[in-house]
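# Remarks on the overall topology
So you can see what is in the structure, the chains are spelled out below.
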Amino acid sequence: MATEKVSWKRHHPCTERELRISLFGSGTSVGAVEVGMHRCRDIAEAIPISRVACNRKYSDDLSATGAAMKMPTRACAKCGGPLSQYNPDSVCAPCSRIGTATRVPDRAWRAEDVQRALSSWDFGELLRLLRRRAGLSQMDIRALTGLAQSYISDLENGRRQLGGRDTIVDFLNGMGLPADLRNLLLTPFTTPGSPKASSSLDPAMPWTADRMVASLDVAIGGPMNRRSVLTALGGAALSQYVLQSAIAPTEAIAAEVRRGTPVTPRILQSMQDITNELRQMDASSGSGSLASNAKSHLRVLLGWLRSGTFDEPTGRKLAAVTADTAIQTGWYTFDGGNHDAAQSLFLGALRAAHASGDSRLRAGALSFLAIHGYSVGDPREAVTAARIGRQSISDQDAPALHAMLLTREARGHARLRAERQALAALDEAEELCEMGRGEDDPHWLYWVNRGEILGQRGSCFLELGRPAEAATAFDAARGVLSREEVRTRAQFLSRAATAQMRAGDADAGCSTGREVLELVNGIRSARLDDHLHKMLAEARQMGNAGPIKPLLEHGETVLRERAMA
């Protein structure tokens, strides 16, 4: 088992604790960070280790074991650390600064407007102010950060944003962020020109049980006085939320002083059993009316969190069941076509997963945020969420969970037309899937198998404009996909039909299309309906000759029946 762990963990040198340190530096301790009127626990508790040092140490460890490191992205030619996708050079920002005198003077960081931009995560304004105060050109900033000159210009003018943990860390390290200002990154943010959210819904505030309950209460339709920041997150704000989930300390959750009903192990198990049963129903017949039932179930769990009596271990378990239920409720809502409400549930689930202390649930919530990102949002956020999810489980023996997150990352890369990164992520996902389930792979991840990976490969090829290869991947997936998961099978086959027709094989596309139309009977899923519309739209482009016309007639009949159901 030890050898297997080396093979699948070789791309994940940083633990969650080291992730915190990489963002806030390598001082002995960040200390108790003041956030609004609340105090966080120590952000950095481990011995100091910088990100570059972590990479070097990790390379030395691999050399000792004789394992060959396979980097999923470009690596720095000097230190071996990963390069930002926006860095066109062969070295990272810290290495590029070696031997040069160009730097941002400390006095530039002391200006009030600079610190205000830092605390609000407005990196474009921060860059503009620092560059002006330091008297540096955009080419100087390029030398410090490794960002392209055109990207720097777009960032300053608000046309682009920094996205992803590594890019933000590289940028701040390159600009020489003073150690005593790092805690400003934990300051609660407000978006200029938008309503100020309730403090209980601010993602930068401490992630307590009360705020977890409040955010989920809003997500399922509970009362609120102002528009929640959860329903408007996007771009840099969503990146901040995801990053906060990785660095925020877990606070106590026990509720022993209440005079409520004790939360017993049997109650917990019964709650989990309901969630599991709803999950099985969704896999076979689609979300249908499950969203409303799942919301009712989630309200019951929130009631236990508010008024139940439980010790710390029981409270963690209750939060875990709540996180699992919120994730599934969000998924049913997303599958039903209500994407904004689904995102709110996923974000609330991330808080519950954090409260549970189970990094696997946190990774699960992030994986669904990634689906939202590459399906209807910003695919860059899908990549960020998937990568942070993998960082959070870097110390777990969970190859299946890593494989699933890699497929989410690949879909985000495919939407961005980053073909090399997408295929690298898929290749690694297949390798991990072949290893089988690990000791720490969660029970709710039963559906990750070779068929799922192949189907995601087909979806990526289709997104990348390579329909023939997409059709081949989908055909390979057909033979190993579970026939019991009818909705998943129908979705992949509808995309297979689209790929076949787009590749010019009308006969194969129509044959697969007819199979899909037979499968969808009784499955209620807005997402599946969208796939069917796209499949028939592709068929219309091929005209009405041969097998196309009967497929279109049958398909239009099926869609009318589904709309009336």
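Above this note sits the structure.
All values derive from a computational prediction rather than experimental measurement. Residue numbering note: each chain is counted from 1, following its sequence as written. Per-residue local features are limited, in this predicted model, to residues with pLDDT of at least 70; the limit for side-chain atom pairs, both in listing and counting, is 80 or more; totals at the level of whole chains, interfaces and linings are taken over all residues. Here the side-chain values reflect all heavy atoms present in the structure, with hydrogen atoms and water set aside.

## Section: the overall build of the chain
To keep it simple, the criterion reads: Elements are defined by DSSP. Helices are runs of H or I of four residues or more, strands are runs of E of two residues or more, and each kind is numbered from the N terminus. Exposure is judged per residue with a 1.4 Å probe applied to protein chains only, and the accessible area is read against the type maximum: over 50% gives exposed, under 20% gives buried, and values in between give partly exposed. Contacts are assigned to residue pairs that have any heavy atoms within 4.5 Å of one another. Surface accessibility in these figures is a Shrake-Rupley result with a 1.4 Å probe; residues are shielded only by whichever protein chains are displayed.
Each helix and strand in the chain was counted, giving 26 helices and 2 strands. Counting over 565 residues, the chain shows a buried share of 55%. Intrachain contacts of the chain at a sequence separation of at least 6 include 71% that bridge at least 24 residues. Total accessible area on the chain is roughly 23100 Å²; 49% of this is exposed by carbon and sulfur atoms.

## Quick word on the nonpolar core
Stated precisely, the cut-off is as follows: Residues enter a nonpolar core if they are buried and are Ala, Val, Leu, Ile, Met, Phe, Trp, Tyr or Cys, with the set joined through side-chain atoms within 4.5 Å.
Ranked by internal contacts, the top residues of the largest apolar core, which has 97 residues, are Val104, Trp109, Leu126, Phe171, Leu172, Met212 and Leu401. It is helix α15 (residues 312-335) that provides the largest number of residues to this core, a total of 10 residues. When near neighbours in sequence (up to four residues on either side) are disregarded, leucine 172 contacts Leu118, Phe123, Leu126, Leu177 and Leu185. Membership of the second largest hydrophobic core comes to 24 residues, among which are Leu406, Leu432, Phe461 and Ala496.

## Re the pattern of salt bridges
What counts is decided by this rule: We define a salt bridge as a side-chain nitrogen of Lys or Arg found within 4 Å of a carboxyl oxygen belonging to Asp or Glu.
The tally for this structure, following the rule as stated, stands at 27 salt bridges. Aspartate 335 serves as the salt-bridge partner of arginine 487, at 2.9 Å between the closest nitrogen and oxygen. Placement of arginine 487 in helix α23 (residues 486-502) and of aspartate 335 in helix α15 is noted, with a sequence separation of 152 residues between them. Taking the relative accessible area as the measure of exposure, aspartate 335 reaches 0% and is therefore buried. The shortest N-O distance in the salt bridge between glutamate 556 and arginine 540 comes to 3.6 Å.

## Remarks on the packing of aromatic side chains
This is how it is decided: The criterion for an aromatic pair is that two Phe, Tyr or Trp rings (for Trp, the six-membered ring) have centres within 6.5 Å, with stacked assigned to planes under 30 degrees apart, edge-to-face to planes over 60 apart and tilted to the rest.
Under the criterion given, the structure shown has 5 aromatic pairs. When the centroid spacing of 6.0 Å and the interplanar angle of 20° are considered together, the rings of tryptophan 331 and phenylalanine 334 count as stacked. A residue pair is termed a helical-turn pair when its members lie 3 or 4 positions apart in one helix, as tryptophan 331 and phenylalanine 334 do in helix α15 at 3 residues. No difference in accessibility class separates tryptophan 331 from phenylalanine 334, as the two residues are buried. An aromatic cluster is present here, built from Trp331, Phe334, Phe346 and Phe368 joined pairwise through their rings.

## Thoughts on the side chain of serine 215
The cut-off we apply is this: Whenever two N or O atoms come within 3.5 Å, that pair is a polar contact, provided that in protein one can donate a hydrogen and the other can accept it, and provided that, for residues adjacent in sequence, both atoms are side-chain atoms.
Its location among the elements puts serine 215 in helix α11 (residues 209-219). A distance of 2.9 Å separates the side chain of serine 215 from the backbone oxygen of methionine 212, its partner in a polar contact.

## Considering the packing of helix α17 (residues 359-376) against helix α19 (residues 399-415)
Stated precisely, the cut-off is as follows: For every element, the axis is a line fit to its C-alpha atoms; helices are fit only across the contacting stretch, and the angle between N-to-C directions ranges from 0 to 180 degrees. Angles are sorted into four bins: roughly parallel if under 35 degrees, roughly antiparallel if over 145, roughly perpendicular if 65 to 115, and oblique for all others. If you view the pair so one helix is near and one far, a crossing is left-handed when the near helix is turned anticlockwise from the far one by less than a right angle, and right-handed when it is turned clockwise. When residues are grouped by polarity, Ala, Val, Leu, Ile, Met, Phe, Trp, Tyr, Cys and Pro land in nonpolar, Asp, Glu, Lys and Arg in charged, and all others, Gly among them, in polar.
For the pair α17 and α19, interaxial distance at closest approach is 9 Å and the crossing angle is 20°. On the basis of the axis angle, α17 is roughly parallel to α19. For the pair α17 and α19, the crossing hand works out as left-handed. Seen from α17, the contacting residues are Arg360, Ala363, Ser367, Ala370, Ile371, Tyr374 and Ser375; seen from α19, they are Leu401, Met404, Leu405, Arg408, Arg411, Gly412 and Arg415. Partitioning the contact of α17 with α19 into residue classes produces 7 nonpolar, 3 polar and 4 charged.

## Points about helix α22 (residues 467-478)
Defined as follows: To estimate the expected span of a helix, subtract one from its residue number and multiply by 1.5 Å. Each direction from the helix axis to a C-beta atom contributes to the arc, which is the arc of those directions.
End to end, α22 covers 16 Å across 12 residues, agreeing with the expected 16 Å (1.5 Å per residue, within 8%). When we look at burial in α22, the residues that qualify are Pro467, Ala470, Ala471, Ala473, Phe474 and Ala477. On an axial view of α22, the arc spanned by its buried residues comes to 165°, and they lie on one face. Packing partners of the buried residues in α22 comprise α21 (450-463) and α23.

## Topic: the packing of α21 against α22
The N-to-C vectors of α21 and α22 enclose an angle of 165°; their axes lie 8 Å apart at closest approach. Classified by the angle between their axes, α21 and α22 sit roughly antiparallel to one another. Relative to α22, the crossing made by α21 is left-handed. Between α21, through Gly451, Leu454, Gly455, Arg457, Gly458, Ser459, Phe461 and Leu462, and α22, the contact on the second element is made entirely by Pro467, Glu469, Ala470, Ala473, Phe474, Ala476 and Ala477. Taken together, the residues of the contact of α21 with α22 sort by class into 9 nonpolar, 4 polar and 2 charged.

## Describing the environment of glycine 80
Tracing the chain through its elements places glycine 80 in the loop between α3 (51-65) and α4 (93-96). It is 8.6 Å that separates the C-alpha atoms of glycine 80 and valine 91, two residues lying 11 residues apart in sequence.

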